[in-house]
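# Chain and residue survey
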Amino acid sequence: MSTSVFSRRRLALCAVLLSGTALPVLAQDAATTDDKPVPEIVVTASSLKQTLITAPASISVVNEEQLHERPVRDLTEVLDRVEGVTINRSGNQRTIQMRGLNSAYTLFMIDGKRVNSTNAMFRGNDFDAGWVPVEAIRRVEVVRGPMSSLYGSDAIGGVVNIITKPVGDSWNGSVSADYILQEDGDAGDAYKAGFFAAGPLAGDKLGVKLYGGYNRRLKDGNINNSPTLTGFRDKHEEYLDGTLIWTPADGHEVSGNYGYNRLTHDNFPM
């Protein structure tokens, strides 16, 4: 008889503990429902748009506000602060690695279209990351982990999708320029300029967006005493991109794009 009473008391105590544990979860769900947060849209995890929380992959999103919170010269400086992404220096180049895999297994895309550079130019380096100036970026979506089932063998490490700003209903644009003066006179200075412009040409049916820029990093002088540890060599990059967008009907879009990019490392064209 005493054993039965003890069992009932133990069951009642367990029920109280379980109900107490469930209360914070219910309160959290209620708060989320009342606040109605705006979901983030991710397009790189699959061919369909979906919210960040339901995407079947480990994803980080760097939005436009975060890009303007800190001074960045190019996309590699943005990716350097993303979890799971490693930026390595190889000579005068910076290579992007994800999940510890070789940089050749990191795929770069612009608005869902892959950036194609020859394997001889070391896939996954700063050439792949330098096609778009920061002024033209709306957000950057970083998918960590294998995505080869959707994008091929060069996406085993992960995918970086650069989403550019839309055309919009009215003309808008931006221009930026900066110069870095090194404290050490033997270190090479750096400067860059970039622009972005977009707007309609014929109402909501035809629009265009343009962006481009120039980026230069002068070579270092004699700043290291060790012959095996040399400074940065001369690097300059120029790029221009234009997209014409035709919207014949709601939900249908036809675009034509032309892009040019030339990166030179120590007089060696990429």
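Above this text is the structure in question.
Remember, predicted model here, so these are calculated numbers, not experimental data. (Residues numbered from 1 in each chain as written. Predicted model: local features only at pLDDT ≥ 70, side-chain atom pairs only at ≥ 80, totals over all residues. Heavy atoms only, no water.)

## Observations regarding the layout of surface pockets
- By volume, the largest pocket is sized at about 1100 Å³.
- Surrounding the largest pocket, 43 residues form its lining, D111, T164, K209, I245 and E253 being those nearest its centre.
- Of all the elements in the fold, those that place two or more residues in the lining of the largest pocket are β6 (106-110), β7 (113-114), β8 (137-144), α5 (148-151), β9 (158-164), β12 (206-217), β13 (235-249) and β14 (252-265).
- Residues belonging to the lining of the largest pocket are distributed by class as follows: 15 nonpolar, 15 polar and 13 charged. (1 Å grid on protein atoms, 1.4 Å probe; cavity = no way out; pocket = protein on both sides within 12 Å on 5 of 7 lines; lining within 4 Å. Points joined across faces, edges and corners; volume = space filled by probe spheres on them. Helix = DSSP H or I, 4+ residues; strand = E, 2+ residues; numbered from the N terminus. Nonpolar A, V, L, I, M, F, W, Y, C, P; charged D, E, K, R; others polar.)

## So, the packing of aromatic side chains
- According to the stated counting rule, one finds one aromatic pair in the structure shown.
- Summarising the aromatic geometry, the rings of Y179 and Y191 are spaced 5.8 Å apart at their centres and angled 5° between planes, so their arrangement reads as stacked. Here Y179 is found in strand β10 (residues 172-180), whereas its partner Y191 is found in strand β11 (residues 190-202), with twelve residues between them in sequence.
- By relative accessible area, Y191 is classed as partly exposed at 27%. (Phe/Tyr/Trp six-rings, centres within 6.5 Å; stacked < 30°, edge-to-face > 60°. Buried < 20%, exposed > 50% of the residue type's maximum accessible area, 1.4 Å probe, protein only.)

## Let's talk about the environment of T164
- Relative to the elements of secondary structure, T164 occurs in strand β9.
- Residue classification places T164 among the buried positions, given a relative accessible area of 4%.
- A sequence separation of 47 residues divides T164 from Y211, and the C-alpha atoms of the two residues are 9.8 Å apart.
- For T164, the contacting residues outside a window of four places in its chain are I110, D111, V132, A136, I137, R138, K209 and Y211.
- Only 2.6 Å separates the side chain of T164 from the side chain of D111, close enough to count as a polar contact.
- Here K209 takes part through its side chain, which lies 2.7 Å from a polar atom of the side chain of T164. (Contact = heavy atoms within 4.5 Å. Polar contact = N/O pair within 3.5 Å; in protein donor to acceptor, adjacent residues only side chain to side chain.)

## A look at the nonpolar core
- Counting residues in each nonpolar core, the largest one holds 25 residues, and the members touching the most others are L75, L79, V132 and V140.
- Those elements that provide at least two residues to this core are α3 (75-79), β5 (93-98), β6, β8, β9 and β11.
- Contact partners of V140, with chain neighbours within four places excluded, come to S60, V61, V62, L75, L79, V160 and N161.
- Formed by ten residues, the second largest nonpolar core is a distinct cluster that contains L107, M109, V143 and Y151. (Core = buried A, V, L, I, M, F, W, Y, C linked by side-chain atoms within 4.5 Å.)

## Describing the sheet that holds β13
- What the six strands build is an open sheet, ordered β10-β11-β12-β13-β14-β15; its pairing is antiparallel. Only two strands of the sheet have a single neighbouring strand rather than two, namely β10 and β15 (268-269).
- In terms of strand pairing, β14 meets β15 through two bridges, oriented antiparallel. Counted as the bridge partner of H265 is F268 from β15. (Pairing = 2+ DSSP bridges.)

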